[in-house]
Amino acid sequence: MGTANSGGVECVRKITAAVDCYGRPPPPRSIPRRLRRRGILRPPPQAAGGIVKPRPALVLASVSPHRKRLLRRLRVPFVCAAPLCDEAQIPGEPCAARALRLAEEKTRSVAKKRPAATVLGGDQTVSGEGIIFDKPGDRKRAIAQLQMMSGKTLTFHTALAISSGGTLQSALTTHRAKMRALTKAEIARYVAAEPSFNCAGGAQLEGLGISLMQSIEGGDPTALTGMPLITVAQFLRARGFLI
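Residues numbered from 1 in each chain as written. Predicted model: local features only at pLDDT ≥ 70, side-chain atom pairs only at ≥ 80, totals over all residues. Heavy atoms only, no water.

Draft legend 1. Highlighting the nonpolar core. Counting residues in each nonpolar core, the largest one holds 20 residues, and the members touching the most others are Leu146, Leu154, Phe156, Met179, Val191, Leu212 and Met213. Secondary structure elements with two or more residues in this core: helix 5 (139-149), strand 5 (153-164), strand 6 (167-179) and helix 6 (184-193). Residue contributions to this core peak at four residues, all from helix 5. Not counting the four nearest positions on each side in its chain, Leu212 is found in contact with Leu146, Met179, Arg180, Leu182, Tyr190 and Ala203. Within the second largest apolar cluster, 17 residues are counted, among which are Leu70, Met227, Val232 and Leu236. (Core = buried A, V, L, I, M, F, W, Y, C linked by side-chain atoms within 4.5 Å. Buried < 20%, exposed > 50% of the residue type's maximum accessible area, 1.4 Å probe, protein only. Helix = DSSP H or I, 4+ residues; strand = E, 2+ residues; numbered from the N terminus. Contact = heavy atoms within 4.5 Å.)

What follows is the structure in structure tokens.
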């Protein structure tokens, strides 16, 4: 009995230590399975001399449900914070430059309040034949915008910015997508089925919106849905996150 109890205590100690390394309180009885599923029991990063370094806090500078769903795929704990940023267009500003500027401004606005954290921010612009297709905001604009996009080759500029340790790094991912020639009935049916009034372009490519497309060209399909996870993972690994 003494050996069994000793083993049980040692198991609890190991689990508690692993949790404490990441600044989390011990969860309920289902802790082993839940921790393994979330990847929390992987060894934490170590400094010279074997000293355990706590994982840096991660903040997503967005309250977008789409970006939250995307970032959860990397299984890294994070919190969200609403950025303060004026997203109004600057006359004559190229789409790529606008996406980068807004991603950096969103990231800086949150990093000022959370200087010790690693902050991720992003933005996306959609354009075609010299026209910028913004977030439509309502049903009427969504239908009008999709009618304008119908049959066009669209360019998606997805920008990412990360702030940590007082430095800012950004990157841009570009994809091109050909939208099918859509009938008015198809557009109306899509808008009714999947209102995407707060998405650039007015279509959710991670959902039913993919059915509106004829073809897509690019290296990271997640960038089309709002956040380039390949680049996000690279940025986070470089800053000590285990991905």
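Draft legend 2. Expanded view of the confidence of the model for the protein chain. Confidence in the prediction for the protein chain averages 82 pLDDT; 77% of positions are at 70 or higher. In this model residues 35-44 is a low-confidence stretch, pLDDT under 50, and it forms 22 contacts with partners more than four residues away in sequence or in other chains. (pLDDT = per-residue confidence, 0-100.)

Draft legend 3. Local environment of the side chain of Thr225. With respect to the helices and strands, Thr225 occurs in the loop between helix 7 (221-224) and helix 8 (229-237). Among the polar contacts listed, one links the side chain of Thr225 to the backbone oxygen of Thr222, at a separation of 2.8 Å. Sequence-distant contacts of Thr225, that is, excluding residues within four places in its chain, are made with His66, Leu70, Gln124, Leu205 and Glu206. (Polar contact = N/O pair within 3.5 Å; in protein donor to acceptor, adjacent residues only side chain to side chain.)

Draft legend 4. Seen up close, the environment of Asp86. Residue placement: Asp86 occurs in the loop between strand 2 (79-80) and helix 4 (95-111). Residue class for Asp86 comes out exposed when judged on its relative accessible area of 57%. Taking the C-alpha atoms as reference points, Asp86 and Glu105, separated by 19 residues in sequence, lie 8.7 Å from one another. Ignoring sequence-local partners within four residues, the contact set of Asp86 consists of Arg101, Leu102 and Glu105. A polar atom in the side chain of Asp86 sits 3.1 Å from the backbone nitrogen of Ala88.

Draft legend 5. Representation of the side chain of Ser196 in the model. Tracing the chain through its elements places Ser196 in the loop between helix 6 and strand 7 (213-217). Ser196 sits in the buried class, given a relative accessible area of 3%. Among the polar contacts made by the side chain of Ser196, one reaches the side chain of Gln204 at a distance of 3.2 Å. The residues touching Ser196, leaving out its near neighbours within four places in the chain, are Pro136, Tyr190, Gly202, Ala203 and Gln204.

Draft legend 6. View of the pairing of strand 3 (residues 118-128). For strand 3, the tally of buried residues reaches eleven of eleven residues, placing the bulk of the element in the interior. Of the two faces of strand 3, the one carrying Thr118, Leu120, Gly122, Gln124, Val126 and Gly128 and the one carrying Val119, Gly121, Asp123, Thr125 and Ser127 are both buried. Taken together, the three bridges between strand 1 (residues 58-60) and strand 3 define a ladder with parallel strand orientation. Considered in strand 3, the bridge of Leu58 is made with Thr118. Summarising the sheet, strand 3 and strand 5 pair through nine bridges and their orientation is antiparallel. Residue pairing across strands places Thr125 opposite His157, the latter belonging to strand 5. Here strand 3 folds back onto strand 4 (residues 131-132), and the loop between the two strands holds two residues, one of which, Glu129, carries a positive phi near 55°. (Pairing = 2+ DSSP bridges.)

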